[in-house]
Amino acid sequence: MPCALWTVWVLGAIISLLKEGAPDQASSLTCDPTGVCDGHSRSLNSIPSGLTATVKSLDLSNNMITYVSDSGLRSCVDLRALSLESNRIHTIEENAFSSLGSLEHLDLSHNLLLKLSSSWFRPLSSLKFLNLLGNPYKTLGKTSLFSHLTNLRILKVGNYYTFTEIQGKDFAGLTFLKELEIVAPNLQRYEPKSLKSVRNISHLILHMKQPVFLPEIIVDLLSSLEHLELRDIRLNTFRFSEVSVNETNTLIKKFTFRNVDVTDESFNEVVKLLNYVSGVLDVEFDDCTLDGIGNFDTSIMDTMKDIGKVETLTIRKLHIPRFYSFLDMSNLYSFVGSIKRITIENSKVFLVPCSLSQHLKSLEYLDLSDNLIIENLLKNSACEHAWPSLQTLILRQNHLTSLEETGETLLTLKNLTNLDISKNNFHLIPDTCQWPEKMRYLNLSSTRIHSLTPCIPQTLEVLDVSNNNLDSFSLLMPQLKELYISRNKLNTLPDASFLPTLLVMRISRNTINTFSKEQLDSFQNLKTLEAGGNNFICSCEFLSFMQEQQALAQILVDWPENYRCDSPSYVWGQRVQDARLSVSECHRAALVSGVCCALFLLMLFTGVLCHRLHGLWYMKMMWAWLQAKRKPRKAPHRDICYDAFVSYSEQDSHWVENLMVRELEHFNPPFKLCLHKRDFIPGKWIIDNIIDSIEKSHKTIFVLSENFVKSEWCKYELDFSHFRLFDENDDAAILILLEPIEKNAIPQRFCKLRKIMNTKTYLEWPTDEAQQEGFWLNLRAAVKS
């Protein structure tokens, strides 16, 4: 029994862990407020539960969903886009999409659907895009799948392996398609008129390995198709003459051959096809292989009349394995005379024969980008009477190295107005060059040039020198209307005097630090300026100009996102529109002026305060005190020279010199007094005299009166005596009150005097002569003590 309980507990724990480990599929979706939900690559194995009507777009691609039930999408009544691409879906219930009446985009590609059901699509009346590619079905079903999809505009069907049959009812009900893509490399049966049921197809992309059914398909599409694109097909066995055609109104305007193999013989058949489809104006070959040497049937070429109506020929990445044996193409001269636009890109072209150039009499546009052309061979191509109508020549990314030689070579092109020679390696530009006189547009971008010289024609209206090493622009261009000079090393805008008629300037991603209103105003006709991506120093003036000029937004096409501060460091990376500097940065002059004014007022206030509170006197006293403190302390047994130092006011000198001196110095035994008039050493600083006299005296006598209080030197003597009293802790001061003094009348700066009078006993000079003898006795006793 315990064993059974233990087993049950273990199983319960395992189930609980599995439940906890299973992802919550609803939470696997991330939805934004607009109802766009992303659930791609989340390892989902079913449609997430909990979907609501707020979901507008649902991406469940690249998961492991195998089954779409009736209820999985029932609540998504307002769903507009559903992507179930690259899952493992093998079963879809009949009513799985019944509630999706608003669905416009449905992608079921690259799943495991073996059979398709019309009931899936019947409710989808709003559907515009449907992708069924990459599923392993063999046919599109027994009944018409798309008859109810009247709004369908883009349809993709088929697969690379199992799709083998196109039936007559497959596209029934479809009236207009912008794009129809059919992938059927292994097509084994095409029921005639299967595609004829679609009244109008703008673009048909047809993947076929062999051209067996191609003639029949083309016949069905002659009156309904505008652009036929053939992909991944080998036309080696294509024979157009095997089909009899009675159509007269052909709608096809463009043929595209992409990744197609052609031989000399099959090229003749293609020419027959193009001749029959008389309305063809545009032919394109992309990534094709011509397995031949150009030995085309001239008898066929001579009989072709309508082939001469082709106006645009585009060839990209043409591979000719035996190009070394290729003929001179003279057999093509008969029907190239009316072509107006030719593009031959990335096809290793190094020469256009002079005779061919001379036959291209209607050619207006020639693009030979990404080839192997050099100046010497270009001379042969642009020979006399070559390309007489040519207006635009593009030689981008070839092997040109001399701008002077290139210009001279093209002098034969009298009508040339636009020249693109970008992505060549010119490096240096000579001082003078010759150009066709009608030149209006020149593209020298990505040519590694370091400077511009008068070699550049002054007749230009558009000049592109982007992505070079230019650090300045000082070229007079009186007719220039557009200048493209981005991705260089300019540190300022060009001088407007060189560009009087400029309308458009793109100067982004240089090293420009700033520009001003005056600079922009100097370009009087400028309508468009692109200057983002530079290293802007966000100074106060620059920010003020950029943020306050509302009209700049109409001129700066990349404002405000591409305009960011490079310095100061604390606003690095911020948009110029949002950057804010401190007050100290933007109002430095005003701030310095304010600080100076504040300092001046503070000094003025301090001066007034010092005057009112005798600050100058206090500073003098502090200096004297510091001088006194610097003197070394005396030894305990000092060299006493006087019994007393007398501190008195000059106005009280009569009392001191006639009475005190007589009573003390003429007494027996006599007292020796130190008087400043008599005993101070001449030439010595008065402060030092006061300090030395006090230190050499046993006592210090202060003769206090109104005159004493008014004397600064008496105040010094009082303070120095107080230093000694404080430092040496003795009782050396004797106070004589010569006349009554009110303590409140003593100025506040005489704080020492006020303190001594509160703490020490003083002698008062009696006006009664009878009491004066007692005064002198007391004074003598005080001096002796």
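Residues numbered from 1 in each chain as written. Predicted model: local features only at pLDDT ≥ 70, side-chain atom pairs only at ≥ 80, totals over all residues. Heavy atoms only, no water.

(A) Molecular detail of the state of the cysteines. Taken as a whole and assessed by the stated rule, the structure comprises four disulfides. Through a disulfide, Cys433 is tied to Cys455; the S-S separation comes to 1.9 Å. One quick way to see it: the torsion about the S-S bond of Cys433 and Cys455 is about -95°, and its sign makes the bridge left-handed. Residue Cys433 is located in the loop between strand 23 (418–420) and strand 24 (441–443), and its partner Cys455 is located in the loop between strand 24 and strand 25 (462–464); the two are separated by 22 residues in the primary sequence. The exposure classification of Cys433 matches that of Cys455, with both residues buried. A sulfur-sulfur distance of 1.9 Å marks the disulfide that ties Cys538 to Cys565. The disulfide joining Cys538 to Cys565 has a torsion of about -95° about its S-S bond and is therefore left-handed. Placement of the pair is Cys538 in the loop between strand 29 (536–537) and helix 10 (540–548) and Cys565 in strand 30 (residues 565–567), with a sequence separation of 27 residues. The pair Cys538 / Cys565 is uniform in exposure class, with both members buried. The closest cysteine sulfur to the non-disulfide-bonded Cys596 is located on Cys597, 7.0 Å from its own sulfur. Looking at Cys597, the relative accessible area reads 45%, which means it is partly exposed. (Disulfide = S-S within 2.5 Å. Helix = DSSP H or I, 4+ residues; strand = E, 2+ residues; numbered from the N terminus. Buried < 20%, exposed > 50% of the residue type's maximum accessible area, 1.4 Å probe, protein only.)

(B) Fine view of the pattern of salt bridges. Within the structure shown, the criterion is met by 32 salt bridges. In this structure, Glu284 engages Lys254 in a salt bridge whose closest nitrogen and oxygen atoms are separated by 3.4 Å. Taken together, the residues span a long stretch of sequence, with Glu284 in strand 17 (residues 282–286) and Lys254 in strand 15 (residues 254–258) at a distance of 30 residues. A salt bridge links Glu561 to Arg564, with the shortest nitrogen-to-oxygen separation between them at 2.4 Å. Its relative accessible area of 42% is what places Glu561 among the partly exposed residues. (Salt bridge = Lys/Arg side-chain N within 4 Å of Asp/Glu carboxyl O.)

(C) How the structure looks around the environment of Lys193. With respect to the helices and strands, Lys193 occurs in the loop between strand 12 (189–190) and strand 13 (200–207). When its relative accessible area of 55% is taken as the criterion, Lys193 is described as exposed. Here the alpha-carbon distance between Lys193 and Gln167, two residues 26 residues apart in the chain, equals 8.9 Å.

(D) Structural view of the layout of surface pockets. Volume-wise, the largest pocket comes out at about 1200 Å³. If you trace the largest pocket, you find 43 residues lining it, with Ile315, Leu318, Ile320, Phe326 and Met329 closest to the centre. The biggest single contributor to the lining of the largest pocket is helix 4 (residues 264–276), with four residues. Tallied by class, residues from the lining of the largest pocket come to 38 nonpolar, three polar and two charged. (1 Å grid on protein atoms, 1.4 Å probe; cavity = no way out; pocket = protein on both sides within 12 Å on 5 of 7 lines; lining within 4 Å. Points joined across faces, edges and corners; volume = space filled by probe spheres on them. Nonpolar A, V, L, I, M, F, W, Y, C, P; charged D, E, K, R; others polar.)

(E) Just the nonpolar core, in detail. The biggest cluster of nonpolar side chains holds 166 residues, and the ones touching the most others in it are Phe97, Phe146, Phe171 and Ile182. Leaving out residues up to four positions away in the same chain, Ile182 has contacts with Val157, Phe163, Ile166, Phe171, Leu195, Leu204, Ile205, Leu206 and His207. Listed in part, the 22 residues of the second largest apolar core include Leu673, Val703, Ile736 and Trp765. (Core = buried A, V, L, I, M, F, W, Y, C linked by side-chain atoms within 4.5 Å. Contact = heavy atoms within 4.5 Å.)

(F) Examining helix 4 more closely. With 13 residues, helix 4 extends 19 Å from end C-alpha to end C-alpha; this agrees with the ideal 18 Å at 1.5 Å per step. Taken residue by residue, helix 4 has Asp264, Ser266, Phe267, Asn268, Glu269, Val270, Val271, Leu273, Leu274 and Asn275 as its buried positions. (Expected span 1.5 Å × (residues − 1).)

(G) Just helix 3 (residues 214–221), in detail. Burial runs high along helix 3: six of the eight residues are buried. All of the buried residues in helix 3 are Leu214, Pro215, Ile217, Ile218, Asp220 and Leu221. Structurally, helix 3 contributes buried residues whose contacts are with strand 12, strand 13, strand 14 (225–231) and helix 4.

(H) Up close: a nonpolar patch on the surface. Judged by side-chain polarity, Leu591, Val595, Leu599, Leu602, Phe605 and Leu609 come together as a nonpolar surface patch covering roughly 550 Å² of accessible area. Here Val595 shows up in helix 13 (residues 588–612). Exposure remark for Val595: the relative accessible area of 41% places this residue in the partly exposed category. (Patch = residues over 30% accessible without salt bridge, like charges linked within 9 Å, V, L, I, M, F, W, Y side chains within 5 Å. Areas by Shrake-Rupley, 256 points an atom, 1.4 Å probe, with all protein chains shown as cover.)

(I) Fine view of empty space enclosed by the protein. Tallied over the entire structure, the rule returns one cavity of 30 Å³ or more. Volume-wise, the largest cavity comes out at about 30 Å³. In this structure, the largest cavity is lined by Leu149, Thr150, Leu152, Arg153, Gly173, Leu174, Thr175 and Phe176. Here the lining of the largest cavity is built from residues that sort into four nonpolar, three polar and one charged.

(J) Looking closely at the sheet that holds strand 32 (residues 673–674). The strand order across the open sheet built from five strands is 32-31-33-34-35, with neighbouring strands paired in parallel fashion. Of all the strands in the sheet, the pair left with one neighbour each is strand 32 and strand 35 (763–764). Where helix 17 (residues 686–695) meets the sheet, it contacts strand 31 (642–647), strand 32 and strand 33 (697–704), and its direction lies at approximately 120° from that of strand 33. Of the strands in this sheet, strand 31, strand 33, strand 34 (733–737) and strand 35 are in contact with helix 21 (residues 769–784), which crosses strand 33 at around 145°. (Pairing = 2+ DSSP bridges. Axes fitted to C-alpha atoms, helices over the stretch in contact; angles between N-to-C directions.)

(K) Up close: the confidence of the model for the protein. Overall, the predicted model of the protein reaches an average pLDDT of 85, with 85% of residues at or above 70. Overall, residues 13–24 carries pLDDT values under 50, and its contacts beyond four positions in sequence, including any with other chains, amount to zero contacts. A low-confidence stretch, residues 725–729 stays under pLDDT 50, and its non-local contacts, those more than four residues away or across chains, total seven contacts. (pLDDT = per-residue confidence, 0-100.)

(L) Structural view of the packing of helix 15 (residues 653–665) against helix 21. At a minimum axis separation of 10 Å, helix 15 and helix 21 run at an interaxial angle of 70°. The orientation of helix 15 relative to helix 21 falls into the category roughly perpendicular. Here helix 15 contributes Trp655, Leu659, Met660, Glu663 and Leu664 to the contact with helix 21, which in turn contributes Phe775, Trp776, Leu779 and Arg780. Grouping the amino acids of the contact of helix 15 with helix 21 by side-chain chemistry returns seven nonpolar, no polar and two charged. (Parallel < 35°, antiparallel > 145°, perpendicular 65-115°, else oblique.)

(M) Structural view of the pairing of strand 13. Extensive coverage of strand 13 is indicated by the burial of seven of its eight residues. Of the strand pairs in this sheet, strand 11 (residues 176–183) and strand 13 are connected by seven bridges, and their pairing is parallel. Bridge pairing in strand 13 links Glu181 to Ile205. Inspection of the sheet shows strand 13 paired to strand 14 by six bridges, in the parallel sense. Residue pairing across strands places His207 opposite Arg231, the latter belonging to strand 14. Read as a crossover between parallel neighbours, the route from strand 13 over helix 3 to strand 14 is right-handed. (Right-handed = clockwise from strand over helix to strand, strands pointing away.)

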